[in-house]
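# Remarks on the overall topology
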Amino acid sequence: MKIKGKKISVFSVIVFFASIFWLLPLLLIFINSFKPYNDMMQHFLSLPQTINFDKYIETWTKFDFPKLIGNTLLYTGVSVFGIVILAPMAAYKLARTKSKLSGFCFMVIIMPMMVPFQSYMITLTRLVSNFKLTGTKTGYIAVTVGLLMPLAVYMIHGFIKNVPLELEESAEIDGAGKIKTYFMIVLPLLKPILTTVVVLDALATWNDIITNQLIVGGNASAMNLQNALYMQFSAQTSDWEHALPGIVMSMIPSLIFFIVMQKHIVGGITAGSVKG
Amino acid sequence: MKNKKVTEFLIFALFVFPAVIFVIFSTDIPFLMNLYYSFFDWNGVGKSMTFVGFDNFIKIFTADTLFWKGVKFTLKFAVFYVVIVNIIALAIALVLSKEKKSASVGRAFYYIPYIISLTAISLIWKFIIGPGFESLYNITGWEIFNWSWLGTGKLAFVVVVVMTVWQNVGFYMVNYIAGIIAVPKELMEAAQIDGANKVQTITRITIPMIMPSISICLLTSLTFAFKLFDVIMVFTKGGPANSTVSVAYNIYKEAFVNSNYGLATAKSLVFVVFVLIITAIQMKVTKSKEVES
């Protein structure tokens, strides 16, 4: 027994160190973000001699972080809000209505899940520019909601199929209208799956760079945090003194979000991946 | 009676149409436009569009060497990515599928790269490969840190594989763990009572029992590999010398860099067919596994 116990602990130690190693790139970024450039080059692996936040503050003001974070929060908030309102409504009605129209609408919503985004992104940018929405916040939010909708509807649809009908029926017998039944009876039942959807979509919007590049492009007033950092630092790679604090600051919200919502994120990933 | 039908329809419309409109705008219409443009020669900006029939498609299959170079790169990437990411994820999952505090911390560590934005990921790796390796070379003098990692095609390929595996392993790990946890404990205990050692329990009990998770992970990783785009666009931009151009990135470049909209849309249709075949196989396999389990 003792030997067996010891074996396991040695193994755990190895796994623990392996997982630290896995985070090494992030740790290196973090410790180097406090160093002046010469120190990065000469003492890449060592801890910073002094912890000072001068470069952080400089990056914060120089690259207008308040505006970028404001934009990104706005995008994340509005898009997720839009999804949480519209997706369950559609999913509920589609799951409960058996008609040709209902089947057709479901197909229209689900189709994009089978077709890769890259195959219609070219024409999507065209369409957005035809509507004169290129470079605008409205255009970006509308596209984001449209792109996140299929998976959200699909997941909620699957969940609703397992919710018993009786509750709704008895509510209707009691004289509640269809709309009232939905908001008072159905919506509260969907809380678990909605949490998952919120978590997945909030992370996706906060971290998005591709859609923002395609729709907003170089329009500085509507860029999100990721796109702006990318535009700023990917071309001129020598400015690491500002790039590293920028990266760290852009990651902090995702990390906090992850720690708080860990359970839902992991659960959501498994739920979402069943669809493939 | 008729009135009731009208109200029913109105309620249906109120519930469903808003979502449908958003989806149609950002996906379905662009996809149909894509079908239409693929038969034209058009630079994407000007008014002049010439109908060319199937010329774009013929061009892809006969004259477009860069596209086929992209296909080759994508297939090669798919093989390496699928094998490596699944082996590592399964190994980690086997160790970390215990209900212990330390195991859940370990899981979180492997998972964190998956929730970080591509911007951060690509800058992090640029920093490590650039100043980081330079500094390590000065300290250690090892040649490996002096190689031109993003300057030679073969090494850039390695970097892309390492980076995508590093970022995504947590995702597959979580799926494997979900499968492993669902394996009945009695089976393991029975095997151990019968004298099976650790390795035997894994190969004879765990692996066969989690076949559904394995097939899901294999196929999701395969689709991911075929669609490889974001990383290339943000990190290597297809370089050096087009050595890391994936199919999806080749399409993007054809449209936005070379301004051949017609050709690019035709290519994306060919690409859709490729991916749809994979998805169809994926769904079939996943469904049949579900019945079995």
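Residues numbered from 1 in each chain as written. Chains lettered and ligands numbered in written order. Predicted model: local features only at pLDDT ≥ 70, side-chain atom pairs only at ≥ 80, totals over all residues. Heavy atoms only, no water.

## Notes on the overall build of chain A
- Looking only at helices and strands, one finds 13 helices and zero strands in chain A.
- Seen along its three principal axes, the alpha-carbon backbone of chain A occupies a region of about 75 × 70 × 35 Å.
- Per-residue burial over chain A gives 53% buried out of 276 residues.
- A total of about 13000 Å² of accessible surface is found on chain A, and carbon and sulfur atoms cover 70% of it. (Helix = DSSP H or I, 4+ residues; strand = E, 2+ residues; numbered from the N terminus. Buried < 20%, exposed > 50% of the residue type's maximum accessible area, 1.4 Å probe, protein only. Areas by Shrake-Rupley, 256 points an atom, 1.4 Å probe, with all protein chains shown as cover.)

## A few points about the overall build of chain B
- For chain B, the helix and strand inventory stands at 12 helices and two strands.
- Going from N to C terminus, chain B has its helices and strands arranged as α-β-β-α-α-α-α-α-α-α-α-α-α-α.
- The C-alpha radius of gyration computed for chain B amounts to 24 Å, which surpasses the reference 19 Å derived for 293 residues by more than 25%, pointing to a less compact arrangement than a globule.
- Its C-alpha atoms put chain B at 80 × 75 × 35 Å along the principal axes.
- The buried share of chain B, taken over its 293 residues, is 52%.
- Taking contacts inside chain B between residues at least 6 apart in sequence as the whole, the part at least 24 apart equals 69%.
- Element-wise, carbon and sulfur atoms account for 69% of the exposed surface of chain B, whose accessible area totals about 14000 Å². (Rg over C-alpha atoms; globule rule 2.2 N^0.38 Å. Contact = heavy atoms within 4.5 Å.)

## Comments concerning a positive patch on the surface
- Where like charges cluster on the molecular surface, the positive patch consists of Lys69(B), Lys72(B), Lys76(B) and Lys154(B).
- Secondary-structure assignment places Lys76(B) in helix α3 (residues 65–96). (Patch = residues over 30% accessible without salt bridge, like charges linked within 9 Å, V, L, I, M, F, W, Y side chains within 5 Å. Salt bridge = Lys/Arg side-chain N within 4 Å of Asp/Glu carboxyl O. Lys, Arg positive; Asp, Glu negative; His and termini not counted. Charge placed at Lys NZ, Arg CZ, Asp CG, Glu CD.)

## What to know about the nonpolar core
- Counting residues in each nonpolar core, the largest one holds 171 residues, and the members touching the most others are Met149(A), Ile156(A), Phe77(B), Leu96(B), Ile124(B), Met173(B) and Tyr176(B).
- Discounting residues that sit within four places of it in the chain, Phe77(B) has contacts with Phe157(B), Val160(B), Val161(B), Thr164(B), Ala225(B) and Leu228(B). (Core = buried A, V, L, I, M, F, W, Y, C linked by side-chain atoms within 4.5 Å.)

## Quick look at unusual backbone geometry
Residues and elements named next belong to chain B.
- Despite not being glycine, Asn 242 shows a phi value in the positive range, around 60°.
- Within the secondary structure, Asn 242 is located in the loop between α10 (230–236) and α11 (247–256).
- Positive phi values are uncommon outside glycine, yet Ser 259 reaches one of about 55°.
- If you trace the backbone, Ser 259 turns up in the loop between α11 and α12 (261–292).

## Description of the pattern of salt bridges
Residues and elements named next belong to chain A.
- Using the criterion set out here, one finds six salt bridges over all chains in the structure.
- Lys 55 is the partner of Glu 58 in a salt bridge, and the nearest nitrogen-oxygen pair spans 3.8 Å. Pair noted here: Glu 58 and Lys 55 are both in helix α3 (residues 54–62), with a separation of three residues, about one helical turn.
- Taking the shortest distance from any N to any O, the salt bridge between Lys 55 and Glu 241 comes out at 3.4 Å.

## A closer look at the packing of helix α7 (residues 185–193) of chain B against helix α8 (residues 198–209) of chain B
All names here are of chain B.
- Between α7 and α8, whose axes approach to 10 Å, the crossing angle comes to 160°. With respect to each other, α7 and α8 are oriented roughly antiparallel. Between α7 and α8 lies a crossing whose hand is right-handed. Two secondary-structure elements touch here, α7 through Leu 187, Met 188, Ala 191 and Gln 192 and α8 through Thr 201, Ile 205, Thr 206 and Met 209.
- Broken down by class, the residue content of the contact of α7 with α8 amounts to five nonpolar, three polar and no charged. (Axes fitted to C-alpha atoms, helices over the stretch in contact; angles between N-to-C directions. Parallel < 35°, antiparallel > 145°, perpendicular 65-115°, else oblique. Left-handed = near helix turned anticlockwise from the far one by under 90°. Nonpolar A, V, L, I, M, F, W, Y, C, P; charged D, E, K, R; others polar.)

## Describing the side chain of Asn227(A)
Residue and element names in this part refer to chain A.
- Along the chain, Asn 227 falls in helix α12 (residues 225–233).
- Polar contacts involving the side chain of Asn 227 include one to the side chain of Asn 212, which spans 2.8 Å.
- In this structure Asn 227 touches Ile 209, Asn 212, Gln 213 and Gly 217, once residues within four positions along its chain are discounted. (Polar contact = N/O pair within 3.5 Å; in protein donor to acceptor, adjacent residues only side chain to side chain.)

## Brief notes about α11(B)
- When you tally the buried positions in α11(B), you get eight out of 10 residues, the bulk of the element.
- Buried within α11(B) we find Val247(B), Ala248(B), Tyr249(B), Asn250(B), Ile251(B), Tyr252(B), Glu254(B) and Ala255(B).

## Re helix α6 (residues 153–181) of chain B
Residues and elements named next belong to chain B.
- Taking 1.5 Å of rise per residue, 29 residues should cover 42 Å, and α6 covers 41 Å from first to last C-alpha, within 8% of that figure.
- Within α6, the axis deviates most sharply at Asn 168, by approximately 45°.
- In terms of burial, α6 is a largely internal element, 23 of the 29 residues being buried. (Expected span 1.5 Å × (residues − 1). Bend = angle between axes of the 7 residues up to and from the residue.)

## Here's the deal with a nonpolar patch on the surface
- Where nonpolar side chains cluster on the molecular surface, the patch consists of Leu101(A), Phe104(A), Val6(B), Phe9(B) and Leu10(B) and spans about 480 Å² of accessible area.
- Put simply, the parts of the chain that give the nonpolar patch at least two residues each are α5 (100–114) of chain A together with α1 (2–37) of chain B.
- If one sorts the elements of the nonpolar patch by residue count, α1(B) sits on top with three residues.
- Within the secondary structure, Val6(B) is located in helix α1.
- Using a relative accessible area of 43% as the deciding quantity, one classes Val6(B) as partly exposed.

## Concerning the packing of aromatic side chains
- This structure, assessed with the given rule, holds 47 aromatic pairs over all chains.
- An angle of 15° between the planes, with centres 5.7 Å apart, marks the rings of Phe258(A) and Tyr111(B) as stacked. Taken together, the residues Phe258(A) in helix α13 (residues 240–273) and Tyr111(B) in helix α4 (residues 101–111) connect one chain to another. Of the two residues examined, Phe258(A) and Tyr111(B), each falls in the buried class.
- The structure contains a cluster of three or more aromatic residues connected by ring pairs, namely Phe258(A), Phe73(B), Phe77(B), Phe80(B), Tyr81(B), Tyr111(B), Tyr114(B), Phe157(B), Phe171(B), Tyr172(B) and Phe224(B).
- Taking the ring centre of Phe15(B) as reference, the NZ or CZ of Lys93(A) above it sits at 5.4 Å.
- The side chain of Arg126(A) reaches across the aromatic face of Tyr261(B), ending 5.9 Å from its centre. (Phe/Tyr/Trp six-rings, centres within 6.5 Å; stacked < 30°, edge-to-face > 60°. Lys NZ or Arg CZ within 6 Å of the ring centre and 35° of its normal.)

## So, the confidence of the model for chain B
- The predicted model of chain B has a mean per-residue pLDDT of 86, with 97% of residues at 70 or higher.
- When pLDDT is averaged over each element of chain B, α3(B) comes out on top at 92 and α12(B) at the bottom at 78. (pLDDT = per-residue confidence, 0-100.)

## Structural notes on the confidence of the model for chain A
All names here are of chain A.
- Residue-level pLDDT values for chain A average 84, and 91% of them are 70 or greater.
- Looking at the elements of chain A, mean pLDDT is at its lowest for helix α1 (residues 2–32), recorded as 74, and at its highest for helix α4 (residues 65–96), recorded as 94.
- Per-residue pLDDT stays below 50 along residues 1–5; that stretch engages in zero contacts with residues further than four places along the chain or on separate chains.

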